[in-house]
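# Analysis of the macromolecular model
Take a look at the letters that make up each chain.
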Amino acid sequence: MAVTLEEAPWLGWILVKALMRFAFMVANNLVAISSYICYVIVLQPLRLLDSKRFWYIEGIMYKWLLGMVASWGWYAGYTVMEWGEDIKAISKDEAVMLVNHQATGDVCTLMMCLQDKGLVVAQMMWLMDHIFKYTNFGIVSLIHGDFFIRQGKSHRDQQLLLLKKHLENNYRNRDRKWIVLFPEGGFLRKRRETSQAFAKKNNLPFLTHVTLPRIGATKIILSALVARQENGSPAGGDAKELDSRSKGLQWIIDTTIAYPKAEPIDIQTWILGYRKPVVTHVHYRIFPIKDIPLETDNLADWLYQRFIEKEDLLSHFYETGAFPPPKGREEAVSREMTLSNTWLFLIQSFAFLSGYMWYSIFQYFYHCLF
């Protein structure tokens, strides 16, 4: 498509802005990730003496790093509107977020909208595709204890065993509280055709805005983390009493991400900011773990039902621009999620000052040795 003279200055500005944002992102990553690694190395004696305190400090730094990623979208005008139940009420409990997956921007969106939920981000474990291990953030996720899962039938059984072992070795020991899981096992555009063929073969609903979830990872998480009562039933929270203090996994948060006109944001857009400001909409529903069936077949049915409901939620959103109201209410209420510009400035300043400090320390020792 030809560019008119009127459009040329605007496109030129978009290009210059994208280049400036990319340069800042590179610098931000260099100082922040390097400083994070240096702090973690220096704090290793504390890990031996007081493991809980070490992982608390590491979690705070991890939250700041994710806050920096969130700031890239925030300053580009990519904001979040939240719907449904208020998940702040359970921020101190253990929970699993089940999220639909459309694009790489889903991860950035969650990094943003969970920043104001107390220590959730600091105590969170992500389950993500193994390809993220080789990104700039991969080393941070490895240190923090996130799990990289390899997709494909040939790897499935082995990956589930590794996930079970990873949870046993890292979840409790590092005082993790929340797990983020994308049960569809891939992006919507990549899995939709396969999912629809599976649905047709097994007489399941035909879905277009989501795909049928895979059961394996969810079952492993519930089996490993749900506390049991003496009678063997799950000891979870009560939807009417959100101050429950029962141990173990207590909640499942059914999370639905919707983009206007069904046009998702990808990580390139988040970094370069060449797309016009967009409001992403995130809908939450909270289910107490005691109401979740743990047997394989019943759990599969329960998960399928949640994604069928996601399909209805998204259909309604794309038709009306809003999520439907909960049962018994006439109107759905949304909440604008905000980030503090002062807080973002402080964590960015800390990152660059830390980068300068570590550079000065290494430079000093270099001159002493050579």
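All figures in this text were calculated on a predicted structure; none of them were measured in a lab.

## Let's talk about the confidence of the model for the protein chain
- Predicted confidence across the protein chain gives a mean pLDDT of 89, with 92% of residues reaching 70 or more.
- Confidence drops under a pLDDT of 50 for residues 239–246, and excluding neighbours within four residues, the segment shows 14 contacts in the predicted structure.

## Describing the pattern of salt bridges
- Under the counting rule described, the total for this entry stands at 13 salt bridges.
- Measuring nitrogen to oxygen at the nearest pair gives 3.3 Å for the salt bridge that ties Arg 53 to Asp 50.
- A residue is classified by how much of its surface remains accessible, and Asp 50, at 28% relative accessible area, is partly exposed.
- For the salt bridge of Glu 94 with Arg 172, the shortest nitrogen-to-oxygen distance reads 2.6 Å.

## So, the nonpolar core
- The biggest cluster of nonpolar side chains holds 62 residues, and the ones touching the most others in it are Met 97, Leu 110, Leu 114, Trp 126 and Trp 178.
- Of all the elements, helix α3 (residues 51–74) adds the most residues to this core, at 11 residues.
- Dropping the residues within four chain positions of it, Trp 126 is found in contact with Tyr 62, Leu 66, Val 107, Leu 110, Met 111, Asp 146, Phe 147 and Val 180.
- Ranked by size, the runner-up nonpolar core spans 44 residues in total, among them Leu 98, Leu 127, Leu 207 and Val 226.

## Some thoughts on the UniProt feature "domain: Phospholipid/glycerol acyltransferase" (unreviewed entry) in the protein chain
- Mapped onto the present numbering, the UniProt feature "domain: Phospholipid/glycerol acyltransferase" (unreviewed entry) falls on residues 95–219.
- When the span residues 95–219 is considered, its composition is 42% helix and 14% strand, and the gap between its end C-alpha atoms is 14 Å.

## Examining the packing of aromatic side chains
- Considering all chains together, one arrives at 14 aromatic pairs under this definition.
- Relative to Tyr 318, the ring of Phe 317 has its centre 5.8 Å away and its plane inclined at 75 degrees; by these criteria the two rings are edge-to-face.
- In this structure Phe 317 comes out as buried when scored by relative accessible area, which is 4%.
- Between Tyr 364 and Phe 365, the ring centres sit 5.5 Å apart and the planes meet at 75 degrees, which makes this aromatic pair edge-to-face.

## Some points on the sheet that holds strand β4 (residues 147–149)
- As summarised here, the arrangement of the 8 strands in space is β4-β3-β5-β2-β6-β7-β1-β8, forming an open sheet in which the pairing is mixed. Edge positions in the open sheet fall to β4 and β8 (334–337), since each of these has one partner strand only. Strand-to-strand twist across the sheet, computed as the mean angle between neighbouring axes with direction ignored, equals 25 degrees.
- Strand direction decides the pairing type here: strand β2 (residues 94–99) and strand β6 (residues 249–258), joined by 6 bridges, are parallel. Its bridge partner lying in β6, Leu 98 is registered against Asp 254.
- Against the sheet, helix α8 (residues 216–225) contacts β2, β3 (124–129), β5 (178–181) and β6, and its axis sits at roughly 170 degrees relative to β5.
- The sheet strands contacting helix α10 (residues 296–320) are β2, β6 and β7 (278–288), and the helix crosses β6 at an angle near 35 degrees.

## Details of the pairing of β7
- A large share of β7 lies buried, amounting to 10 of its 11 residues.
- Both strand β1 (residues 78–84) and β7 contribute to a ladder of 7 bridges, which runs parallel. Paired with Thr 79 across the two strands is Val 279, which belongs to β7.
- Bridge count for β6 against β7 is 8 bridges, and the pairing is antiparallel. In the sheet register, Ile 257 faces β7, and the bridge partner there is Val 282.

## Describing the UniProt feature "transmembrane region" (unreviewed entry) in the protein chain
- UniProt tags residues 20–42, 54–75, 131–149 and 343–366 as "transmembrane region" (unreviewed entry).
- Its end C-alpha atoms 32 Å apart, residues 54–75 is made of 95% helix and 0% strand.
- Annotated as residues 343–366, this span is 100% helix and 0% strand, and its ends, taken at the C-alpha atoms, are 34 Å apart.

## Considering unusual backbone geometry
- Within the chain, Asn 203 stands out as a residue other than glycine whose phi angle is a positive 60 degrees.
- Positionally, Asn 203 belongs in the loop between α7 (188–201) and α8.
- A residue is classified by how much of its surface remains accessible, and Asn 203, at 73% relative accessible area, is exposed.
- Residue Lys 261 is not a glycine yet carries a positive backbone phi of 60 degrees.
- With respect to the helices, strands and loops of the structure, Lys 261 is situated in the loop between β6 and α9 (267–272).
- A relative accessible area of 72% means that Lys 261 is categorised as exposed.

## Structural notes on helix α4 (residues 105–113)
- Most of α4 sits inside the fold, with 9 of its 9 residues counted as buried.
- Among the residues making up α4, those that are buried are Gly 105, Asp 106, Val 107, Cys 108, Thr 109, Leu 110, Met 111, Met 112 and Cys 113.

Calculation rules
- Residues numbered from 1 in each chain as written.
- Predicted model: local features only at pLDDT ≥ 70, side-chain atom pairs only at ≥ 80, totals over all residues.
- Heavy atoms only, no water.
- pLDDT = per-residue confidence, 0-100.
- Contact = heavy atoms within 4.5 Å.
- Salt bridge = Lys/Arg side-chain N within 4 Å of Asp/Glu carboxyl O.
- Buried < 20%, exposed > 50% of the residue type's maximum accessible area, 1.4 Å probe, protein only.
- Core = buried A, V, L, I, M, F, W, Y, C linked by side-chain atoms within 4.5 Å.
- Helix = DSSP H or I, 4+ residues; strand = E, 2+ residues; numbered from the N terminus.
- UniProt positions renumbered as here; feature names shortened; annotations may be inferred.
- Phe/Tyr/Trp six-rings, centres within 6.5 Å; stacked < 30°, edge-to-face > 60°.
- Pairing = 2+ DSSP bridges.
- Axes fitted to C-alpha atoms, helices over the stretch in contact; angles between N-to-C directions.

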